Amino acid sequence: MPCLVTLRLSPVEAAQEIMIREAAARQLRINPGRIRAVQVMRRSVDARGRKIMVQLQLHAFVDEPFVDAFAFVPQLQDVSGKEPVFIAGAGPAGLYAALKIIEEGYCPGIIERGKDVRNRRRDLAAMNKQGMVNPESNYCFGEGGAGTYSDGKLYTRSTKRGNVLRSLQWLRYFGADERIMYEAHPHIGTNKLPGIIVAMRDAIRACGGQVLFNSRLTDLIVEGDTLRGIVLNNKERIKTNALVLATGHSARDVFIMLHEKGIAIEAKPFALGVRVEHPQELINQIQYGCTLSEPGGIVGPASYSLVSQEQEQGRGVFSFCMCPGGIIAPASTSEGELVVNGWSPSKRDNPYANSGMVVAVGEEDFAKHGFTGPLAAMYFQQMVERNAWHAGGGLLKAPAQRMTDFVSGRHSVSLPDCSYLPGLTSASLKDVLPVAVYRALSDGFRSFGKKMKGYYTNEATVVATESRTSSPVRIPRDSDTLQHIQVRGLFPCAEGAGYAGGIVSAAIDGEKSGAAAVQYCRSRY
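Residues numbered from 1 in each chain as written. Predicted model: local features only at pLDDT ≥ 70, side-chain atom pairs only at ≥ 80, totals over all residues. Heavy atoms only, no water.

Would you mind showing me how to read unusual backbone geometry here?
Most peptide bonds are trans, and most residues other than glycine sit at a negative phi. Of the consecutive residues A464 and T465, the connecting peptide bond is found in the cis state with omega at 0°. Positionally, T465 belongs in strand β20 (residues 461-466). One non-glycine residue, R29, lies in positive phi territory at about 60°. In this fold, R29 is placed in the loop between α2 (17-28) and β2 (35-46). The backbone of L396 shows a phi angle near 65°, a positive value even though the residue is not glycine. Positionally, L396 belongs in the loop between α11 (376-392) and β18 (398-402). (Helix = DSSP H or I, 4+ residues; strand = E, 2+ residues; numbered from the N terminus.)

Here it is as structure tokens:
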């Protein structure tokens, strides 16, 4: 058995295997020559002291051969001609559901409203350069889902959802860097994810599965309490006994369709706010005590995680999806609505750092603006996005303010340079956001300035609106069978159904839902 060793090294030492081996040998009090191999099991950066240090946990193979602790051999097989299980959505949940269905000996059929990765890029370019939104192909819809072009962060706050390691192993198998297996905050990068997604799709098709693009789920065929089929693009009817519904947090037409058919859905609280951008060098200075960083290296550009409970407002303010060395991107799915998100390339080497800064909103907020019922949160979300569109002036220009101007309610005469390509419009975000959200954010920014000296500055840009943090709808399901509480054979899944938040948790829920759908199909015979 390898020896588990914990080390605390400088970034220079942690970047060189020979120095890692020597440090491990000193701790084990053995000759370095006896260590035949080392494997890093976990790596994190500690920037709390005067010197930046790297903490490592590793396996040292003393007088024994190397055995890869992360080795993974998937059980893929030819499922051509096997009973189909359909999946709506080719995001992380849908792709992982398909892989699980193949392992179980059934044939997955993925239907995706958007385009494949290659063609999807053209629509993203049109968003960034011309301010044009294709409602079927954008940062939220298309092959790989929202995750493909929104950073590729692979960490999750919840380890109780399922096998996190297995979800990372699949990504490594399809081409992700081995570092995702041991980094404390693993990240692939928007530039690397498309190739991995394509490799997944090719593997699914090679096993006999289907992946259909430009195929929007427009109806469910339900007889009594049982799913019998689906309708694509309002015309094509397909028989199926099981559907994994993994359409993502922005498929509003699906939520409306379910509600109109009398299939139970519920309004769900979510988080709403803005995206804040600072110069990355400023964040490095605050966190590291210097402006230097090593993009793409062990240390890399500094990040942050902030939480503040504003007593006067009675609301928590927290950072969400922090992107060091990143870019703010348009994430709208319809004309007349303005949504922003953030992402980073694999090296995180852009000159800006951005993060969502959001506040929880719930039933009282929805009702205060006249929205009630299962779709209340969705319509409330849409209202704020329309406010942002009008304040920005159209063509995906985002309304923005300098941070201290935002807090004091002053108009920003000028705005800092920003990574958001469609462009910014100086506007009062107090007129865009609900009053309670605006006040909580204002108090939160002051509070964060005390925790991170220099954070509260007019060199920071506040951009509206960050509103797709999670689904505004929950689609209820049985906790044991994972089927919808009313419709047998329907398996609400992942972010769009309110059961996940991010690539890893969506992937885990996708596998679970795929397995549950197969179990249901088997039980019918």
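Just to check I follow, could you spell out helix α6 (residues 164-173) for this structure?
Since there are 3.6 residues in each turn of an α-helix, residues three or four apart along the chain are aligned in direction. All buried positions along α6 are accounted for by R166, S167, L168, Q169, W170 and L171. Residues of α6 that are buried make contact with α3 (92-103), α7 (193-206) and α15 (503-523). One side-chain oxygen at the N-terminal end of α6 lies 3.2 Å from the backbone nitrogen of L165; it belongs to N163. G175 sits one or two residues past α6 and shows a positive phi near 120°. (Buried < 20%, exposed > 50% of the residue type's maximum accessible area, 1.4 Å probe, protein only. Contact = heavy atoms within 4.5 Å. Polar contact = N/O pair within 3.5 Å; in protein donor to acceptor, adjacent residues only side chain to side chain.)

Looking at this structure, I do not really get the side chain of H59. What am I missing?
Topologically, H59 is positioned in strand β3 (residues 53-62). Once residues within four sequence positions are removed from consideration, H59 is found in contact with P2, C3, L4, A37, V38, Q39, M41 and A69.

Is there a simple way to explain the packing of α3 against α6 in this structure?
In a pair of packed helices, the angle between the axes and the distance between the axes together describe the arrangement. Two elements in contact, α3 and α6, have axes separated by 12 Å at closest approach and are oriented at 90°. As the angle between them shows, α3 and α6 are arranged roughly perpendicular. Touching Y96, L99, K100 and E103 of α3 are R166, S167, W170 and L171, all from α6. Counted by class, the contact of α3 with α6 contains 4 nonpolar, 1 polar and 3 charged residues. (Axes fitted to C-alpha atoms, helices over the stretch in contact; angles between N-to-C directions. Parallel < 35°, antiparallel > 145°, perpendicular 65-115°, else oblique. Nonpolar A, V, L, I, M, F, W, Y, C, P; charged D, E, K, R; others polar.)

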